[in-house]
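Structural overview
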Amino acid sequence: MQVKAQYESFPYPGYPILAKPRTEELLSCSSAYNRILAGQSGVAHNTLILGCGEFQPLAFRKVEPHYNRLNFVDLSARSIRRGRLRLGLNKGNAHFYEQDIESFLLEKISNCDRFDHIDLYGVLHHMPNPGSVIKLLPRVLQRDGVIRCMVYNSSGRRWIHGIQKMLKTLDLSPWSKSERRRAIRFVKSLTEYSNVYDYFFENCSPRLLTNENAFVDTFMHRCELQDDISFWLSSFDRCGLECVALLDRYSELDDLPNPLWSMPRTDQLMERVRDRRFEGNLELILVPKAIEAKRVCESSSYDLKLYAQPPSWWFLFDETNSLPRKWKRHFWMHWHEWVQTGALFPEDFLKQTPFRAIQRLARIGGILRGQLREKDIAVIGAAIDIEGSFPEPLDKSSHLNNLFKGVEQLLGRGLSSQQQLDLYKTMEWVEEFYM
Ligand SMILES: C[S@@+](CC[C@H](N)C(=O)[O-])C[C@H]1O[C@@H](n2cnc3c(N)ncnc32)[C@H](O)[C@@H]1O
C-alpha cells in the first residue's frame, strides 16, 4: 500500500506532460530492437509493460507498430492517467490496467494469454516478494518471447542507502512538502561534509536533486530491496529464464568480452561487484530457457519509427565523442539500414573508424552483431585492453561534527544524542565502503 501511495503522489519519472521521449528512450523500449539483442527476429504483436509508470506509454506508442497490442500495467492510478493522457488521440491498440502485477499475471495465466515482449524496467526491486512474480513470467511469455528487465545492483548503491538511512534517522517524511524540501536541502548539503557525496553528486544526474519525484524514488522510497545481483540472476535461472545479454552502460566490464553478445557468468559479475568495478544496474535481456535462443542476429525488416538524430548517449564516451558529426549520422543511417534490409556495415567505413570507437559502439548496441562480417565479430567482441579499472579510493575528509550543527540549522530543531549517534554511524558505514 505504501508503494502505491508513493506513486500516486510521485508518479515516475515525473516528466512534464508535453515532454517527448529521446531517441535512446524510444530505442530501449522497441520490441524489435530488444528482439535483435536477444538473437530473435521480428516485431512483437502483444507487448506487456509491467510497472509502466507515467512516461513509458508514450515511448512505446511512438516506437511500436500500431498492430502491436500494448498492455500497460501499473498500480498507481495517477501514473496510468498521465500515461493515457500523453497518448492523446494516438491511443491505437493500447490498453491500460490499474492493477497489481502479480494479480494481473495470475489472471492472464488463467485465461491462457501469452505475450511476445515483456518490459520490467526498474520495478522488481520495489516489490516485497519479487520471486513470486518472476515465477509467473515464463507462464505468460511466448516460446520465442523476450523480456527486457532492469534491477538494481544493490552493492553499487551504498551511498544512496546511507542517505535513505539518514533521512529515516532525521524523521523526514516524503508526505510533507516542508519535510521533503528539508530533505532535499539536507542531501544537497552532504557534499560539504563528505568527499563520498561530493564525488557521487558530481557524477549523477542533477534531476535527482531538482525533481521531487526522482528524489523520492531514489532517497525516500517506501520499498527498496537490497538483494545483490546473484539473487536476481539465480531467481531468473531457477524460474526457467536465461539471461542472454547485459548492457554495460558505464563501461565497467571492459575486461570481459562484449556482454551484449555473450552474457558474463554470475561469478565474473560478483567478483567485480565485490571489488567495486561493477556498480551499474543489471540491464538484462532474458528469453525462456526451454528454447535455445538462436542468437542469429537477424534484421527485423521493420522500419523502426525513430528520430533522424542518433541516440546522444552513444557519443558521450571517450572513444566516440570526438567522431565527426557526419560520421555519427552515418552510424545511425547504417544501423537503420541493417534493421530494415540486413545490409552489412560498409567495410571501408569500418576501416576508417578508430577500432576503440567500433568496440564501444558494439558494446552499447550502436553497432549490431548482424551488421558485421563473420571475420570481424570475434575481434570486435573481444575484451577491451584496459588498465587501471579499479575504482580509486576517495580521500577521507568528512567533518561530522559540523554536520550535526549544519543539520540542526537546516531542520530548525536540535538532534537527540541517539540521532547524532545514528547519523555518525551511517556516515562511517558509507565512508568505510568507499575509502
Ligand atoms: C521506478 S518506477 C519505473 C517506471 C517505468 N518502468 C520507467 O522505467 O519509467 C516503478 C513503477 O512500478 C510500479 N509498481 C511498483 N510495484 C508495482 C506492483 N506491485 N504492481 C504494479 N505496478 C507496480 C510503480 O507504480 C511505478 O510506476
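The structure under discussion appears in the preceding block.
Below you will find a few notes about this structure. (Residues numbered from 1 in each chain as written. Predicted model: local features only at pLDDT ≥ 70, side-chain atom pairs only at ≥ 80, totals over all residues.)

**Section: the overall build of the protein**
Scanning the protein from N- to C-terminus turns up 20 helices and seven strands. Relative to the compact-globule value of 22 Å for 435 residues, the protein shows a C-alpha radius of gyration of 23 Å, a close match. Counting only residues that meet the buried cut, the protein has 40% of its 435 residues in that class. Of all intrachain contacts in the protein linking residues separated by at least 6 positions in sequence, the fraction that spans at least 24 positions is 78%. (Helix = DSSP H or I, 4+ residues; strand = E, 2+ residues; numbered from the N terminus. Rg over C-alpha atoms; globule rule 2.2 N^0.38 Å. Buried ≥ 20, exposed ≤ 12 C-beta atoms within 10 Å, placed from the backbone. Contact = placed C-beta atoms within 7 Å.)

**A word on the sheet that holds strand β4 (residues 115–121)**
Read from one edge of the open sheet, seven strands run β3-β2-β1-β4-β5-β7-β6, paired in mixed fashion. With one partner strand each, in any of the chains shown, β3 (94–98) and β6 (241–246) form the two edges of the open sheet. Sheet twist, expressed as the mean angle between neighbouring strand axes with direction ignored, is 20°. (Pairing = 2+ DSSP bridges. Axes fitted to C-alpha atoms, helices over the stretch in contact; angles between N-to-C directions.)

**Describing the site of the ligand**
If you check the shell around the ligand, you find 22 residues, and the closest are Y7, Y12, G51, G53 and L75. Taken together, the elements giving at least two residues each to the shell around the ligand come down to α1 (2–9) and β2 (69–74). Along the lines of polarity and charge, the residues of the shell around the ligand split into twelve nonpolar, seven polar and three charged. (Near = placed C-beta within 6 Å. Nonpolar A, V, L, I, M, F, W, Y, C, P; charged D, E, K, R; others polar.)

**Structural notes on the pairing of β3**
Pairing analysis gives five bridges linking β2 to β3, with the strands arranged parallel. Looking at β3, one finds that D74 is bridged to E98. Of the crossover connections in this fold, the one passing from β2 over helix α5 (residues 77–87) to the parallel β3 is right-handed. (Right-handed = clockwise from strand over helix to strand, strands pointing away.)

**Observations concerning unusual backbone geometry**
In this chain, Y12 is followed by P13 through a cis amide linkage whose omega measures 5°. With respect to the element layout, P13 can be found in the loop between α1 and α2 (23–29). With a phi angle near 60°, C112 is a residue other than glycine that sits in the positive phi range. With respect to the element layout, C112 can be found in the loop between α6 (101–110) and β4. Taking the number of C-beta atoms within 10 Å as the measure of exposure, C112 has 8 and is therefore exposed.

**Quick word on helix α12 (residues 212–219)**
Within α12 the residues assigned to the buried category are F215, V216, D217, T218 and F219. Packed against the buried residues of α12 are α1, α8 (158–169), α9 (177–193) and α11 (207–210).

**What to know about the environment of F433**
The residue F433 is located in helix α20 (residues 417–434) in this model. Assessed through the 15 C-beta atoms surrounding it within 10 Å, F433 is described here as partly exposed. Remark: the alpha-carbon pair of F433 and E242, spanning 191 residues in sequence, is separated by 32 Å.

**Quick notes on the packing of α8 against α20**
Taken N-terminus to C-terminus, the directions of α8 and α20 make an angle of 180°; their axes are 9 Å apart at the nearest point. What the angle tells us is that α8 and α20 run roughly antiparallel. Residues R158, W159, G162, K165, M166 and T169 of α8 form the contact with α20, whose own contacting residues are Q419, D422, L423, T426, W429, V430 and F433. Its residues placed into classes, the contact of α8 with α20 shows six nonpolar, four polar and three charged. (Parallel < 35°, antiparallel > 145°, perpendicular 65-115°, else oblique.)

**What to know about the environment of F10**
Along the polypeptide, F10 turns up in the loop between α1 and α2. For F10, a count of 23 C-beta atoms within 10 Å translates into the label buried. Residues F10 and N213 lie 203 residues apart in sequence; the distance between their C-alpha atoms is 4.8 Å. Among all residues touching F10, those that are not within four sequence positions of it are E212, N213, V216 and D217.

**Things to note about the nonpolar core**
Residues I147 and L286 are the most contacted members of the largest nonpolar core, which totals 83 residues. Counting contributing residues, this core receives three or more from each of domain 1 (2–155 + 224–288) and domain 3 (312–381). When residues no more than four places from it in sequence are discounted, the contact partners of L286 are I147, C149, F236, L241, E242, C243 and V244. Counting residues in hydrophobic clusters, the runner-up holds 28 residues, among them Y12, L190, Y193 and Y434. (Core = buried A, V, L, I, M, F, W, Y, C linked by C-beta atoms within 7 Å. Domains from an automatic or database assignment.)

**Here's the deal with the environment of S41**
Here S41 is to be found in the loop between α3 (31–37) and β1 (46–50). For S41, a count of 19 C-beta atoms within 10 Å gives the class partly exposed. Distance in space between the C-alpha atoms of S41 and E337 is 15 Å, their sequence separation being 296 residues.

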